[in-house]
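Overview (structure and organization)
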Protein chains: 2
Amino acid sequence: VSELRPTWVAGAAGSGFDADHLPLGVDPRHGVVARIGHHALPLRSVVEVRGAGRASRPLQPHLVDQPTLNAFLAAGPEVWADTRRALQDALVDESSEAELGAALVPVEDLDLVLPFEVADYVDFYASIDHASNVGRILRPDSEPLLPNWRHLPVGYHGRAGTVVVSGTDVRRPSGQRKPPHEATPTYGATRRLDVEAELGFVVGVPSALGTPVPTSAFADHVFGVVGLNDWSARDIQAWEYAPLGPFLGKSFATSVSAWVTPLAALERARCPLPWQGEVLDYLTVAEPAGFDIAVEVELDGEVVARPPFASMWWSPAQMLAHMTVNGASLRTGDLYASGTISGPERDQRGSFLELSWGGREPFTAGGRERTFLEDGDEVVLRYSAPSERGRVTLGEVRGRVLPAQ
Amino acid sequence: VSELRPTWVAGAAGSGFDADHLPLGVDPRHGVVARIGHHALPLRSVVEVRGAGRASRPLQPHLVDQPTLNAFLAAGPEVWADTRRALQDALVDESSEAELGAALVPVEDLDLVLPFEVADYVDFYASIDHASNVGRILRPDSEPLLPNWRHLPVGYHGRAGTVVVSGTDVRRPSGQRKPPHEATPTYGATRRLDVEAELGFVVGVPSALGTPVPTSAFADHVFGVVGLNDWSARDIQAWEYAPLGPFLGKSFATSVSAWVTPLAALERARCPLPWQGEVLDYLTVAEPAGFDIAVEVELDGEVVARPPFASMWWSPAQMLAHMTVNGASLRTGDLYASGTISGPERDQRGSFLELSWGGREPFTAGGRERTFLEDGDEVVLRYSAPSERGRVTLGEVRGRVLPAQ
């Protein structure tokens with residue numbers, strides 16, 4: 001791929017969506033589309049115009065004339081690779097411009113939907129800086145990290161049915177809140193609405209019940225990566241979470257990017273993990289298992305944090321192996337997220353809980369002191385990573401807060 | 001319904017599957033079937049023979065010629081009621097025997113599958129005796145119930161993809177375990193494999209994101225009830241669960257009955273809840289909101305516990321209202337479970353953790369002292385409830401333990 005010629009699509013070079021990226025999305029009219037520069041190419045047009053091309057496993061129309069990516073995800077790594085190669089060939093082969101140029105759709109004309117039907121959604125807690133910050137904020141008199149944290153990627157299941165696509169407004173949730181100084185809980189709108197800047201990993205190939213998936217099989221099952229905002233109501237969460245974990249403090253909405261970046265586009269972003277010490281055999285990984293992905297948290301147009309995914313303690317391959325070590329099966333459309341990405345510096349924290357240190361140390365945005373989200377706030381999460389042609393820009397995650405009902 | 005004449009199906013009276021019950025299941029050859037006595041009646045045969053019948057909303061073939069109940073579940077309470085009425089009419093109308101008798105399938109000839117595609121799976125913790133027992137066993141020096149327990153139905157999301165139908169063998173899971181007296185965790189098969197005898201509630205009608213579902217709308221959304229065994233690996237769970245809740249200790253398998261009992265068959269089983277004191281407005285219910293369902297936990301053919309569902313603190317209508325109070329939407333196929341059903345007496349405990357008091361006080365079964373599950377053990381959960389014609393027998397939940405891989 002490194003010797004790829006330039007694409008004939010104008011504006012792609014330097015856009016973050018050059019021919020080394022090619023994230024996939026879904027539009028109701030066009031089916032599965034690949035982004036190139038400021039346009040999207042419907043995969044059905046590639047099938048129609050080029051047929052099998054050089055691909056050993058030709059892309060089948062039934063995989064891309066779909067309302068979701070699921071059929072394509074289920075087809076597996078050979079189809080993913082052949083399709084990517086066919087797309088790259090078509091986009092750098094100038095003879096294709098005459099045939100495919102007319103099929104390009106400007107991105108502003110797309111109506112991108114949730115790109116895949118979510119099967120199970122799991123959320124991890126894989127940043128040592130985030131977990132340590134939360135420990136210090138919520139349990140100031142104890143060790144910040146619980147004893148299990150360095151031995152396994154702590155995680156839990158979230159609500160798959162409320163995963164929404166970037167751009168969906170988020171209604172401020174109501175529920176039970178009981179601040180420490182009050183004797184009984186009250187019902188009302190959350191006063192501590194927060195974001196969590198995360199990455200999500202999208203499973204394509206299922207696994208059999210009873211058979212763990214090793215870390216080495218990560219790329220055999222996981223197709224790609226989405227940006228993810230795990231919206232959180234901290235007061236609801238604080239009251240409900242013992243002893244069975246977060247529930248309504250999270251389940252009202254989880255936003256994901258409309259574009260799914262293939263793992264294949266992130267090869268240059270691979271980086272070593274932090275030193276983990278000794279881990280149990282099933283969690284060992286071939287390095288480099290980390291990803292050097294830069295994240296920005298933007299509040300009403302102003303960047304308020306730059307969390308580095310490279311600082312994450314546990315890698316996505318380890319999360320996958322842990323999630324299945326008990327024999328739990330994978331399904332096409334399973335989504336698992338990293339947990340909040342936070343780095344060691346104050347301006348690298350991926351949640352307002354941390355940025356405002358539990359609401360006690362407001363941060364400044366828009367010239368004002370801020371703690372948690374206000375109605376009308378718009379949050380955008382942005383992600384980028386090094387690639388063959390400079391950098392790729394992963395799909396953004398955008399959401400505006402609507403007042404409580 | 002109380003004036004129902006006897007059904008023409010021989011053996012139905014007194015079987016627990018008389019015409020006042022009519023649970024639904026799915027067989028790959030026959031589609032959706034209703035159980036009557038020791039037979040099943042494919043709903044497609046009722047459509048073919050009787051057409052619309054008296055029903056104002058005739059049963060449509062596309063609702064029952066399906067590999068799951070989901071289309072029928074989504075059709076809503078009027079279709080559920082009309083279908084039930086049409087089935088009851090057909091089964092008590094002797095003129096139907098000539099037409100429908102040949103369509104009956106002996107239950108032993110069925111190959112029942114998971115009756116619905118599970119959307120999200122939520123597990124509650126709604127028995128005060130169970131929650132108190134667990135508190136006493138795991139935290140003997142603290143208050144058994146945490147402060148939030150009487151204010152809200154504590155719950156969490158489980159893994160929908162590993163819900164299996166009764167009769168599926170369960171492989172003993174492996175994972176990380178760290179007994180308190182050891183310094184570091186080890187990998188291996190669980191030593192504390194357990195059952196949790198529960199009831200599950202099956203959502204048919206979806207709800208809109210952002211709009212809570214009140215307790216009064218329970219029967220507008222929930223079609224019926226399944227038996228449910230929430231298999232649990234206590235050592236894996238104990239090490240992993242802080243602070244985000246159970247994960248791999250539960251996600252390897254959850255068994256549900258092949259038959260879904262309609263709420264309509266449980267009207268005579270309605271009973272008042274225990275006195276809850278004051279609850280927040282959104283959790284108030286019209287009584288009787290409880291269900292008087294008797295449960296038996298059978299180990300290798302011997303009943304080892306008889307948990308009473310009537311002793312549950314929180315009702316399923318309250319669980320539904322709580323689950324959506326933050327605006328979380330419902331989908332067809334959502335499954336939520338009660339949590340372990342335990343009564344106040346020792347022989348009413350719905351888990352081996354409680355029956356053996358954390359493994360420290362073995363109980364006797366098969367003439368031997370027992371604590372947790374052994375390889376080869378077969379557990380059957382059985383459920384029955386009062387009905388118009390005596391008692392209904394809900395679908396059993398059967399599973400055998402296979403050795404670790």
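Below or above, wherever it landed, is the structure these notes cover.

Scoring rules and cut-offs
- Residues numbered from 1 in each chain as written.
- Chains lettered and ligands numbered in written order.
- Predicted model: local features only at pLDDT ≥ 70, side-chain atom pairs only at ≥ 80, totals over all residues.
- Heavy atoms only, no water.
- Phe/Tyr/Trp six-rings, centres within 6.5 Å; stacked < 30°, edge-to-face > 60°.
- Helix = DSSP H or I, 4+ residues; strand = E, 2+ residues; numbered from the N terminus.
- Buried < 20%, exposed > 50% of the residue type's maximum accessible area, 1.4 Å probe, protein only.
- Lys NZ or Arg CZ within 6 Å of the ring centre and 35° of its normal.
- Contact = heavy atoms within 4.5 Å.
- Buried area = accessible area lost by both parts, 1.4 Å probe.
- Salt bridge = Lys/Arg side-chain N within 4 Å of Asp/Glu carboxyl O.
- Polar contact = N/O pair within 3.5 Å; in protein donor to acceptor, adjacent residues only side chain to side chain.
- Pairing = 2+ DSSP bridges.
- Core = buried A, V, L, I, M, F, W, Y, C linked by side-chain atoms within 4.5 Å.
- Least-squares fit on C-alpha atoms with pLDDT ≥ 70 in both.

1. Digging into the packing of aromatic side chains
Going through the model one piece at a time under the given rule, you end up with 18 aromatic pairs over all chains. Their ring planes at 45° and their centres at 5.7 Å tell us that Tyr-187 of chain A and Tyr-282 of chain B sit as a pair that is tilted. Taken together, the residues Tyr-187 of chain A in strand β10 (residues 186-189) and Tyr-282 of chain B in the loop between β17 (270-271) and β18 (290-291) connect one chain to another. Of the residues examined, Tyr-187 of chain A reaches a relative accessible area of 42% and is grouped as partly exposed. Through a chain of ring-to-ring contacts, three or more aromatic side chains come together here, namely Phe-124, Phe-201, Phe-309 and Tyr-336 of chain A together with Phe-247 of chain B. Sitting above the plane of the Phe-17 of chain B ring, Arg-35 of chain B keeps its charged end 3.7 Å from the centroid.

2. Brief notes about the interface of chain A and chain B
In this complex, chain A contributes 57 residues to the contact, which on the side of chain B involves 57 residues. For the pairing of chain A and chain B, the buried interface totals around 5,300 Å² over both sides, and the portion due to carbon and sulfur atoms is 62%. Our count for the chain A to chain B interface comes out at two salt bridges. One salt bridge in this structure joins Asp-334 of chain A and Arg-159 of chain B, with 3.0 Å as the shortest N-O distance. Scanning the region where chain A abuts chain B turns up 24 residue pairs in polar contact (both at pLDDT 80 or more). Elements that contribute at least two residues to the side of chain A that touches chain B include exactly β5 (121-124), β6 (155-158), β9 (174-177), β10, α8 (234-240) and α9 (316-324) of chain A.

3. Here's the deal with unusual backbone geometry
Residue Pro-243 of chain A is bonded to the preceding Ala-242 of chain A through a cis peptide linkage, with omega at 0°. Secondary-structure assignment places Pro-243 of chain A in the loop between α8 and β15 (254-256). Going from Glu-287 of chain B to Pro-288 of chain B, the amide bond is cis rather than trans, its omega being 0°. Unusually for a residue other than glycine, Asp-300 of chain A sits at a positive phi of about 45°. Among the structural elements, Asp-300 of chain A can be located in the loop between β19 (294-299) and β20 (302-305).

4. Digging into the environment of Asp-347 of chain B
All names here are of chain B. Looking at where Asp-347 falls in the secondary structure, it is placed in the loop between β21 (335-337) and α10 (352-355). Along the backbone, Asp-347 and Phe-363 are 16 residues apart, and their C-alpha atoms lie at a distance of 9.8 Å. Not counting residues up to four positions away in its chain, the partners in contact with Asp-347 are Ala-305 and Arg-306.

5. Focus on the sheet that holds β20 of chain A
Residues and elements named next belong to chain A. Taken in spatial order, the five strands of this open sheet run β8-β25-β24-β19-β20, and their pairing is mixed. Here the strands that pair on one side only, and so sit at the sheet edges, are β8 (170-171) and β20. Of the strand pairs in this sheet, β8 and strand β25 (residues 390-402) are connected by two bridges, and their pairing is parallel. Paired with Arg-171 across the bridge in β25 is Leu-402.

6. Brief notes about helix α6 (residues 128-138) of chain B
Note on helix geometry: an α-helix contains 3.6 residues per turn, so any two residues three or four positions apart are oriented the same way. All names here are of chain B. Counting buried positions along α6 yields nine of eleven residues, so the element is predominantly enclosed. Turning to α6, its buried residues number three or more, namely Ile-128, Asp-129, His-130, Ala-131, Ser-132, Asn-133, Val-134, Gly-135 and Ile-137. Of the residues flanking the start of α6, the one acting as N-cap is Ser-127, its side-chain oxygen 3.3 Å from the backbone nitrogen of Asp-129.

7. Quick look at the nonpolar core
In globular proteins that are soluble, nonpolar side chains generally tend to be buried together. Core analysis: the biggest nonpolar cluster contains 150 residues, and Tyr-336 and Phe-352 of chain A together with Tyr-336 and Phe-352 of chain B have the highest contact counts within it. Not counting residues within four places of it along the chain, the set of residues in contact with Phe-352 of chain A comprises Asp-194, Val-195, Val-297, Leu-299, Val-304, Trp-357, Phe-363, Thr-371, Phe-372 and Leu-373 of chain A.

8. Thoughts on the sheet that holds strand β4 (residues 105-106) of chain A
Residue and element names in this part refer to chain A. The four strands lie next to each other as β1-β2-β3-β4, forming an open sheet whose pairing is antiparallel. Single-partner strands in this sheet number two, and they are β1 (24-27) and β4. Here strand β2 (residues 31-36) runs beside strand β3 (residues 39-42); their pairing, made up of four bridges, is antiparallel. Its bridge partner being in β3, Ala-34 is matched across the sheet by Leu-41.

9. Brief notes about the relation of the copies chain A and chain B
Least-squares fitting of chain A to chain B yields an RMSD of 0.0 Å, with the transformation described by 0.0 Å of translation along the axis and a rotation of 180°. The transformation just described matches what one would write down for a two-fold rotation axis. Identified as the residue of chain A closest to the rotation axis by C-alpha distance is Gly-245 of chain A, at 2.0 Å. Looking at chain A, 100% of its interface residues are interface residues in chain B too, so the copies touch through the same face.

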